[in-house]
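Reading the structure
Read off the chains here:
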Amino acid sequence: MLNILRHLLLRRCLQAGIVALLVSTVCFFLMHSLSGDLAFRIAAGRYGYDMVTTAAAEAVRAELGLDRPLLQGLLFWWQQLLQFDLGDSYLTSAPVIEEIREQFGHTLQLAISALALSIVIALPVGLIAGLNPHGWLDRVSLALSVVLRAFPPFLLGILLILLLSSKLGITNAANASHEHGGLLLPALTLALGLAAVSSRVARDAMVEVRRSAYFNFARTKGLSDLLALLRHGVRNAAVPVIAYLGVQLVFLMEGVIIIESLFAWPGIGHALAHAVFGRDIPMIQGTAIVMGLLFVLCNTLVDIACLVADPRQRYLATRRADT
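Residues numbered from 1 in each chain as written. Predicted model: local features only at pLDDT ≥ 70, side-chain atom pairs only at ≥ 80, totals over all residues. Heavy atoms only, no water.

- The name given to the protein chain in an unreviewed UniProt entry is Binding-protein-dependent transport systems inner membrane component, with the source organism recorded as Methylobacillus flagellatus.
- Taken verbatim from the UniProt record of the protein chain, the Sequence similarities (unreviewed entry) comment is "Belongs to the binding-protein-dependent transport system permease family."
- A UniProt comment under Subcellular location (unreviewed entry) is attached to the protein chain, and it reads "Cell membrane". (UniProt positions renumbered as here; feature names shortened; annotations may be inferred.)

Spelled out as structure tokens, the structure:
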């Protein structure tokens, strides 16, 4: 097992380096291809649009090195990246790594809460629907999953604010910020979108387990349905659900940026949106790299969970490692 993990971690470290290089380079070219004078926009962000002058813009251009040729600027950025230096924010002049470190905890708190809430919702609904396929719960959960997955995250968030805050009064939309502990609405918005698909994956996995020979054999040798499910059903049904969580991470990363902006949650998604409007290139590149690396890290954790849960994958991974 240790040999398998070593090979997996080495492969993921290599992928993380490639992801960081590609993401930072694409962000660099995208930001420099935007229309308008970058130095003038940054100077306007610092001094206000009424106070900015051409001299102020030129001073900002010289201060931040924006007068370098494009290729020279890219080589300078790659050199900084190799030294694990993400630079300083153009707007606040604070080190980007310090700003991301402060915001990353909030994003991690929101992402873990949404993922845990989605598992709590999806697994029981999916497993029970899989035990009684085409029953009323299966049909209702199918209809709800289609509706919830069709809604974009920002629209689902607004509907939850109207329902839970305005109509039912369960939570206060005005307090939906981390200072007031308002984690429920943003986490629930992300969790419902994740659970919509996860519940159907769990349902299909449970149907396959229920039709399998080993599950029927467990029942014929005298185990009750509950014991057969706990001993032989849940673990086998969990493997495709865990694997699908890796796919769901794309939705989670996309949703974090939108939901943090909608609920003013002070994470790196919210910071990324502000940096795009302010043309803060180091901040955009830094947050994009961190989100890319976070995606690689989460996929690594999903792969390890699959190896632990499924002995067949451990066997295949051992053979690949030996060759």
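**Quick notes on helix α8 (residues 184-211)**
- Taking 1.5 Å per residue as the helical rise, α8 with its 28 residues ought to reach 40 Å, and the 38 Å between its terminal C-alpha atoms agrees with that figure.
- A maximum bend of about 30° is found in α8 at Ala195.
- Of all 28 residues that make up α8, 23 are buried, and the element is covered over most of its length. (Helix = DSSP H or I, 4+ residues; strand = E, 2+ residues; numbered from the N terminus. Expected span 1.5 Å × (residues − 1). Bend = angle between axes of the 7 residues up to and from the residue. Buried < 20%, exposed > 50% of the residue type's maximum accessible area, 1.4 Å probe, protein only.)

**Concerning the UniProt feature "transmembrane region" (unreviewed entry) in the protein chain**
- The positions UniProt marks with the feature "transmembrane region" (unreviewed entry) are residues 12-31, 110-130, 142-163, 183-202, 241-268 and 288-309.
- Here residues 110-130 is 100% helix and 0% strand, with 29 Å between the C-alpha atoms at its ends.
- Taken end to end, residues 241-268 has its terminal C-alpha atoms 28 Å apart, with 82% of it in helix and 0% in strand.

**Some details on the packing of α8 against helix α9 (residues 213-220)**
- Their axes nearest at 5 Å, the elements α8 and α9 cross at an angle of 60°. Classified by the interaxial angle, the pair formed by α8 and α9 is oblique. Residues Val209, Arg210 and Arg211 of α8 lie in contact with α9, whose contacting residues are Ala213, Tyr214, Phe215 and Asn216.
- Residues of the contact of α8 with α9, tallied by class, amount to 4 nonpolar, 1 polar and 2 charged. (Axes fitted to C-alpha atoms, helices over the stretch in contact; angles between N-to-C directions. Parallel < 35°, antiparallel > 145°, perpendicular 65-115°, else oblique. Contact = heavy atoms within 4.5 Å. Nonpolar A, V, L, I, M, F, W, Y, C, P; charged D, E, K, R; others polar.)

**With respect to the domain arrangement of the protein chain**
- In terms of domains, the protein chain is made up of domain 1 (1-83) and domain 2 (96-322).
- Domain 1 and domain 2 are separated by 31 Å when their C-alpha centres are compared.
- On the side of domain 2, 22 residues touch domain 1, which itself brings 25 residues to the contact.
- Buried area between domain 1 and domain 2, both sides added, is near 2,100 Å², and the carbon and sulfur share of it is 75%.
- In this structure, the salt-bridge partner of Arg12 is Asp303, at a minimum N-O distance of 2.0 Å.
- At the level of secondary structure, the elements contributing two or more residues to the side of domain 1 that touches domain 2 comprise α1 (2-32), α2 (38-47) and α4 (70-82). (Domains from an automatic or database assignment. Buried area = accessible area lost by both parts, 1.4 Å probe. Salt bridge = Lys/Arg side-chain N within 4 Å of Asp/Glu carboxyl O.)

**A closer look at the packing of aromatic side chains**
- Scanning the model with the defined rule gives 1 aromatic pair in all.
- An angle of 85° between the planes, with centres 5.8 Å apart, marks the rings of Phe28 and Phe29 as edge-to-face. (Phe/Tyr/Trp six-rings, centres within 6.5 Å; stacked < 30°, edge-to-face > 60°.)

**As for the environment of Arg314**
- By the secondary structure assignment, Arg314 is in helix α13 (residues 311-322).
- With a relative accessible area of 25%, Arg314 lands in the partly exposed category.
- When the C-alpha positions of Arg314 and Cys298 are compared, they lie 19 Å apart, and in sequence the two are 16 residues distant.
- With residues up to four places along the chain from it excluded, the contact list for Arg314 reads Met1, Ile4, Leu307 and Val308.

**A look at the environment of Ser261**
- Residue position: Ser261 is located in helix α10 (residues 225-262).
- In the structure, Ser261 is positioned 57 residues away from Thr318 in sequence and 44 Å away in space, judged by C-alpha atoms.
- Non-local contacts of Ser261, meaning those with residues more than four positions away in its chain, are made with Gly269, His270 and Ala273.

**Things to note about α10**
- Spanning 38 residues, α10 covers only 45 Å between terminal C-alpha atoms, well under the ideal 56 Å at 1.5 Å per step.
- Along α10, the largest kink reaches about 45° and is centred on Gly233.
- Remark: Ala264 follows α10 within two positions and exhibits a positive phi of approximately 55°.

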